[in-house]
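What the coordinates show
Take a look at the letters that make up each chain.
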Number of protein chains: 2
Amino acid sequence: MKLYDLDVSGNCYKVRLLCSLLSVPVDLVPVDFMGGAHKRSPVIDLNAFGQVPVLEDGGLILRDSQAILVYVARKWGAETWLPTDAESMAQIMQWLMVAENEIPRGPGDARLHDKFKMQLDIAVAREKAARILALMNAHLEQRQWLVLDRPTIADIACMPYVALGWEGGVPLDPYPAVAAWVGRIKALPRFIPMPGL
Amino acid sequence: MKLYDLDVSGNCYKVRLLCSLLSVPVDLVPVDFMGGAHKRSPVIDLNAFGQVPVLEDGGLILRDSQAILVYVARKWGAETWLPTDAESMAQIMQWLMVAENEIPRGPGDARLHDKFKMQLDIAVAREKAARILALMNAHLEQRQWLVLDRPTIADIACMPYVALGWEGGVPLDPYPAVAAWVGRIKALPRFIPMPGL
């Protein structure tokens, strides 16, 4: 299994992290993102969206970090990280969608602006960050993990850009339940870090 | 099963559509969105995100249209609409993520601007619409459905805001393979329409 990877990408990191937690070997292929390698062959031929991560497993090519987490969890995680009963799966999906939508538009965009000098409305990003982090904090005041009574890919999908928010001026101090949840993920056996986290 | 619903919402519609295709009965509870009912009790108590659709099934409450599609497909669709093998499921997830990200930020936002007078950068929305529709058109030139050889929830999730794009100045004329795919969905047994589609 081959992962086209970027070390400072939270989306690539979440795939590396799940593979590590599951002890699944994966060959990393570093992509020179700053040099635009994701917009050229061979990456663009694998993913017309021009983004990393991209996963290659035999003839299968997958884009989108959340979809890749689903693949890894279904192939190597049995029912532990992504159960297939309707209720558990749908509850996990709710949070994969937050990882695809509210989190990148909030703390993710704030980091892109501050750390990578991307042009975007930082006030809107900070406002969205405050909104989703307050919702997550209220949710996590009641429980240890986002869904069920154990870590699932919901936690792995949502954590990176939340924990990296300080690089975009969105620290977790006002959200102690979120900070404690990040701490629980960091304490999992075979946890691996990434730059900034 | 109860769906808190808005007739002009493509996200609510995709849930109504899947229920109809699967002959699953669902009680619709119209939400006075223009009157702000989604920001007040009882809807806000069911969904802190303050959005529709919300699905209630016994004690289970679900938000996010993509997550609700997963629930309905897993509970009543057997392996047909959302297979559980790693590869098929991950390929469907790729497109559920497009339905959560690129499509709302493109044709979805363009429609919000033109039809519902929402303040947003219409030039950016049109540019993103052109980008995702070109990608989908190239993909659909090679196949009948987004994933596998049959309709799945990938198609149901992605179709509504693509087909409604004309309400935001994003018609499908430049994307004939996308238009043909919308036509194939409309031809499915038990298809139901929505306003504008």
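Residues numbered from 1 in each chain as written. Chains lettered and ligands numbered in written order. Predicted model: local features only at pLDDT ≥ 70, side-chain atom pairs only at ≥ 80, totals over all residues.

What to know about the interface of chain A and chain B
Every contact between the two is made by 25 residues of chain A and, on the other side, 25 residues of chain B. With eight residues, helix H4 (residues 86–100) of chain A is the single largest residue contributor to the side of chain A that touches chain B. (Contact = placed C-beta atoms within 7 Å. Helix = DSSP H or I, 4+ residues; strand = E, 2+ residues; numbered from the N terminus.)

Thoughts on the relation of the copies chain A and chain B
Structural alignment of chain A on chain B gives an RMSD of 0.0 Å, achieved by rotating through 180° and translating 0.0 Å along the axis. Both copies of the chain, as the preceding transformation shows, are related through a two-fold rotation axis. Minimal C-alpha separation from the rotation axis in chain A is found for Asn101(A), amounting to 3.0 Å. A high fraction, 100%, of the interface residues of chain A reappear at the interface in chain B, so the copies pair face to face through one surface. (Least-squares fit on C-alpha atoms with pLDDT ≥ 70 in both.)

Some points on the packing of helix H5 (residues 102–116) of chain A against helix H6 (residues 122–140) of chain A
Residues and elements named next belong to chain A. The geometry of H5 relative to H6 is characterised by a closest axis approach of 7 Å and an angle of 135° between their N-to-C directions. As summarised for this structure, H5 and H6 are arranged oblique, according to the angle between their axes. Crossing geometry of H5 relative to H6 is assigned as left-handed. Contacts between H5 and H6 involve Glu102, Ile103, Arg105, Gly106, Pro107, Asp109, Ala110 and His113 from the first element and Ile122, Ala125, Arg126, Lys128, Ala129, Arg131 and Ile132 from the second. Looking at the contact of H5 with H6, its residues break down into seven nonpolar, two polar and six charged. (Axes fitted to C-alpha atoms, helices over the stretch in contact; angles between N-to-C directions. Parallel < 35°, antiparallel > 145°, perpendicular 65-115°, else oblique. Left-handed = near helix turned anticlockwise from the far one by under 90°. Nonpolar A, V, L, I, M, F, W, Y, C, P; charged D, E, K, R; others polar.)

Thoughts on the sheet that holds strand S4 (residues 60–63) of chain A
All names here are of chain A. The strand order S2-S1-S3-S4 describes an open sheet built from four strands, whose pairing is mixed. Strands with a single pairing partner mark the edges of an open sheet, and in this sheet they are strand S2 (27–30) and S4. In this sheet, neighbouring strand axes are inclined to one another by 20° on average, regardless of whether the strands run parallel or antiparallel. Strand direction decides the pairing type here: strand S1 (residues 2–5) and S2, joined by four bridges, are parallel. Counted as the bridge partner of Leu3 is Leu28 from S2. (Pairing = 2+ DSSP bridges.)

Some remarks on the packing of helix H7 (residues 153–163) of chain A against helix H8 (residues 176–186) of chain A
Residues and elements named next belong to chain A. It is the contact of H7 with H8, at a shortest axis distance of 10 Å, that shows an interaxial angle of 120°. Two packed elements cross with a definite hand, and for H7 against H8 that hand is left-handed. Here H7 contributes Asp155, Met159, Val162 and Ala163 to the contact with H8, which in turn contributes Val178, Val182 and Ile185. Looking at side-chain class alone, the contact of H7 with H8 contains six nonpolar, no polar and one charged residues.

What about the sheet that holds strand S2 (residues 27–30) of chain B?
Residues and elements named next belong to chain B. Strand order in the open sheet formed by four strands is S2-S1-S3-S4, and the pairing between neighbours is mixed. With partners counted over all chains shown, the strands left at the sheet margins are S2 and strand S4 (60–63), one partner each. Between one strand axis and the next, the sheet turns through 20° on average, direction left out of account.

Some details on the pairing of S1(A)
Residue and element names in this part refer to chain A. Taking the sense of rotation as the criterion, the β-α-β connection linking S1, helix H1 (residues 10–21) and S2 turns out right-handed. Strand direction decides the pairing type here: S1 and strand S3 (residues 54–57), joined by three bridges, are antiparallel. Its bridge partner being in S3, Lys2 is matched across the sheet by Glu56. (Right-handed = clockwise from strand over helix to strand, strands pointing away.)

Focus on the confidence of the model for chain A
Counting all residues, the mean pLDDT for chain A is 96, and 100% of those residues have values of 70 or more. This complex was scored by the predictor with a pTM of 0.97 and an ipTM of 0.97. (pLDDT = per-residue confidence, 0-100.)

Section: unusual backbone geometry
For the peptide bond that leads from Val52(A) to Pro53(A), omega is 5°, which places it in the cis range. Going from Ser41(B) to Pro42(B), the amide bond is cis rather than trans, its omega being 0°. Within the fold, Pro42(B) resides in the loop between S2 and helix H2 (43–46). Backbone geometry places Leu148(A), a non-glycine residue, at a positive phi of 60°. Its place among the elements puts Leu148(A) in the loop between H6 and H7. According to the C-beta neighbour criterion, Leu148(A) is partly exposed, with 17 such atoms within 10 Å. Here Arg190(A), not a glycine, exhibits a phi torsion of approximately 70°, which is positive. (Buried ≥ 20, exposed ≤ 12 C-beta atoms within 10 Å, placed from the backbone.)

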